[in-house]
Amino acid sequence: VFAGGSANLVARDLTLDGNSFRDGPHVTKEPFFAAGEAGISLWLQHFQTTFSYVIWGREFQGQDQASQFAAVTASVCF
């Protein structure tokens, strides 16, 4: 079982700020936001499976709510 969090300070994000060399579509970003993750990982000899759930803070002004997503990974060691 694992859990963690982070505080993110972003100076430049091309996906939100737009083109670096000329004007284009962009949104007003939040320079500071928090993120958290929790999950569980199971090992069985050479196999590993992990489930994690992430809450990513609001990244730009006008964003209705924080981003939330889950991930499942499977690994085989050989």
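Above this note sits the structure.
Presented here is a report on the structure given in the accompanying data block.

Cut-offs used in this document
- Numbering of residues starts from 1 in each chain and follows the order in which that chain's sequence is written.
- Reporting of local features is limited, given that this is a predicted model, to residues whose pLDDT is at least 70; pairs of side-chain atoms are given and counted only at 80 or more, and all residues count toward the totals for whole chains, interfaces and linings.
- Values shown for side chains rest on all heavy atoms present in the structure; no hydrogens or waters enter the calculation.
- Helix and strand assignments follow DSSP, with helices taken as H or I runs no shorter than four residues and strands as E runs no shorter than two, numbered in order from the N terminus.
- Residue burial is assigned from relative accessible area. The probe radius is 1.4 Å, only protein chains are included, and a residue is buried under 20% of its type maximum, exposed over 50%, and partly exposed in between.
- Two residues qualify as a contact provided that any one of their heavy atoms is within 4.5 Å of a heavy atom in the partner residue.
- Salt bridges are defined as contacts in which a side-chain nitrogen from Lys or Arg sits within 4 Å of a carboxyl oxygen from Asp or Glu.
- Nonpolar side chains (Val, Leu, Ile, Met, Phe, Trp, Tyr) within 5 Å and like charges within 9 Å form the patches, drawn only from residues with over 30% relative accessible area and no salt bridge.
- Surface accessibility in these figures is a Shrake-Rupley result with a 1.4 Å probe; residues are shielded only by whichever protein chains are displayed.

**So, the environment of Ala74**
- Examined against the element boundaries, Ala74 turns out to sit in strand β4 (residues 67-76).
- Here Ala74 falls in the exposed class, since its relative accessible area comes to 68%.
- Considered as a pair, Ala74 and Phe47 are 27 residues apart in the sequence and their alpha carbons are 7.4 Å apart.
- Here Ala74 is in contact with Gln48 and Thr49, once residues within four sequence places are set aside.

**A few points about the side chain of Asp17**
- Looking at the secondary structure, you find Asp17 in helix α1 (residues 14-17).
- With residues up to four places along the chain from it excluded, the contact list for Asp17 reads Ala11, Arg12, Pro25, His26, Val27 and Lys29.

**Notes on the pattern of salt bridges**
- For the structure shown, the criterion picks out two salt bridges.
- Sharing partners across several salt bridges, the network here consists of Arg12, Asp17 and Lys29.

**Considering a nonpolar patch on the surface**
- Together, Val1, Ile40, Leu42, Phe51, Tyr53, Ile55 and Val72 make up an exposed nonpolar region whose accessible area comes to about 710 Å².
- Looking at the nonpolar patch, the elements with two or more residues in it are β2 (32-44) and β3 (47-56).
- The element best represented in the nonpolar patch is β3, accounting for three residues.

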